[in-house]
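# What the coordinates show
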Amino acid sequence: MEWREELSVGVDLIDTEHKELIRAVNELFDACMQGKGRAKIAETVKFVEDYTVKHFSDEEDIQKRYNYPGYPMHQKLHQAFVNDLLTYKKRLEAEGPTVNLVATFNTFVSSWLIKHISIEDKKIGIHIRSLNK
């Protein structure tokens, strides 16, 4: 995954945190390319789990501060991601770092991030900019 300017929400804190999440996912991709994905997945799952707590909290605080009307739905999307992430964590604990788990986790995180940022998070930036006109 590569950070592209079109992924920018226009809110510095959110964009900085998104870049950090993408960096972590890329480290897992790189490890997979080197045949080390199975060793890296537990670290990546833990990082994403910890980081999303901070990131989602920061993002939701910004939404509340600017009275973002989509906040309740956005919060539900965040919770759904957390629930899915916990499912992967449980699978990792039960199955170990299988090739299938690494591959499906890569796909899950990367597609969710790109879709969520480019559709849902962009709406936050648009709302904030509309208030500053």
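Okay, so let's go over this structure. Within each chain, residue numbers correspond to sequence positions counted from 1 in written order. At least 70 in pLDDT is required for a residue's local features to be given in this predicted model, at least 80 for side-chain atom pairs to be given and counted, and no such filter applies to totals for whole chains, interfaces and linings, which use all residues. Side-chain descriptors were evaluated using all non-hydrogen atoms of the structure, hydrogens and water having been removed beforehand.

## Description of the overall build of the protein chain
Comment: elements are numbered from the N terminus, with helices defined as DSSP H or I runs of at least four residues and strands as E runs of at least two. What the protein chain contains, in helices and strands, is four helices and zero strands. Each helix and strand of the protein chain, placed in order from N terminus to C terminus, yields the pattern α-α-α-α. The globule rule is 2.2 Å times the number of residues to the power 0.38, and the radius of gyration it is compared with is taken over C-alpha atoms. A compact globule built from 133 residues should have a C-alpha radius of gyration of about 14 Å, and the protein chain, at 16 Å, falls within 12% of that. Dimensions of the protein chain, computed from C-alpha atoms along their principal axes, come out at roughly 50 × 25 × 20 Å. In the protein chain, once contacts between residues fewer than 6 apart in sequence are set aside, the share between residues at least 24 apart is 72%. Only carbon and sulfur atoms are counted for the fraction: they give 56% of the accessible area of the protein chain, which is about 7500 Å². The charged-residue count follows a simple rule in which Lys and Arg add positive charge and Asp and Glu add negative charge, with His and chain termini not counted at all. For charged residues, the charge sits on one atom: NZ in Lys, CZ in Arg, CG in Asp, CD in Glu. In the protein chain, 19 side chains carry a positive charge and 21 a negative one; their mean positions are 3 Å apart. Any pair of residues with heavy atoms lying within 4.5 Å of one another is described as a contacting pair. The Shrake-Rupley method, run with a 1.4 Å probe sphere, supplies the accessible areas, and residue values consider only the shown protein chains as cover.

## Here's the deal with unusual backbone geometry
Of note, the phi angle at asparagine 67 is positive, near 50°, even though the residue is not glycine. Exposure is judged per residue with a 1.4 Å probe applied to protein chains only, and the accessible area is read against the type maximum: over 50% gives exposed, under 20% gives buried, and values in between give partly exposed. Here asparagine 67 falls in the exposed class, since its relative accessible area comes to 63%.

## Observations concerning the nonpolar core
Residue types Ala, Val, Leu, Ile, Met, Phe, Trp, Tyr and Cys, when buried and joined through side-chain atoms within 4.5 Å, form a set referred to as a nonpolar core. Core analysis: the biggest nonpolar cluster contains 30 residues, and Ile41, Phe81, Phe105 and Leu113 have the highest contact counts within it. Elements with a minimum of two residues in this core: helix H1 (12-33), helix H2 (37-65), helix H3 (71-95) and helix H4 (99-131). Here this core gets 10 residues from one element, more than from any other, and that element is H4. Every residue in contact with leucine 113, bar those within four places of it in the chain, is listed here: Met1, Leu21, Ile22 and Val25.

## Here's the deal with the packing of aromatic side chains
The relation between two aromatic rings is expressed through the spacing of the ring centres and the mutual angle of the planes. Pairing of aromatic rings covers Phe, Tyr and Trp, the last counted by its six-membered ring, and requires centre-to-centre distances within 6.5 Å; plane angles under 30 degrees mean stacked, over 60 mean edge-to-face, and any other angle means tilted. Applying the stated criterion across every chain yields a total of eight aromatic pairs. Residues phenylalanine 81 and tryptophan 112 carry aromatic rings whose centres are separated by 4.2 Å and whose planes lie at 40° to one another, so their mutual orientation is tilted. With phenylalanine 81 in helix H3 and tryptophan 112 in helix H4, the pair connects residues that are 31 residues apart, well separated along the chain. Residue classification places phenylalanine 81 among the buried positions, given a relative accessible area of 2%. With a relative accessible area of 18%, tryptophan 112 lands in the buried category. On the basis of an interplanar angle of 25° and a centroid distance of 5.0 Å, the ring pair of tyrosine 88 and phenylalanine 108 is categorised as stacked.

## Considering the packing of H3 against H4
Interhelical geometry of H3 versus H4 gives an angle of 170° and a closest axis separation of 12 Å. In terms of their interaxial angle, H3 and H4 are classed as roughly antiparallel. Across the interface between the two elements, His74, Leu77, His78, Phe81, Asp84, Leu85, Tyr88, Arg91 and Leu92 from H3 touch Asn100, Leu101, Thr104, Phe105, Phe108, Trp112, His116, Glu120, Asp121 and Ile124 from H4. Here the residues of the contact of H3 with H4 sort into 10 nonpolar, five polar and four charged. An axis is simply a line fitted to the C-alpha atoms; with a helix, the fit covers only the stretch in contact. Between two such axes, the angle follows the N-to-C directions and lies from 0 to 180 degrees. For classification purposes, an angle smaller than 35 degrees is called roughly parallel, one larger than 145 roughly antiparallel, one from 65 to 115 roughly perpendicular, and anything else oblique. Ten residue types, Ala, Val, Leu, Ile, Met, Phe, Trp, Tyr, Cys and Pro, are classed as nonpolar, four, Asp, Glu, Lys and Arg, as charged, and the remainder, Gly among them, as polar.

## Describing H1
For H1, which comprises 22 residues, the first-to-last C-alpha distance of 31 Å matches the rise-based estimate of 32 Å (1.5 Å per residue) to within 8%. What H1 keeps buried is the set Ile14, Asp15, Glu17, His18, Leu21, Ile22, Ala24, Val25, Asn26, Leu28 and Ala31. Two residues or fewer past H1, glycine 35 is found with a positive phi of approximately 75°. The span you would expect from a helix comes to 1.5 Å times its residue count less one.

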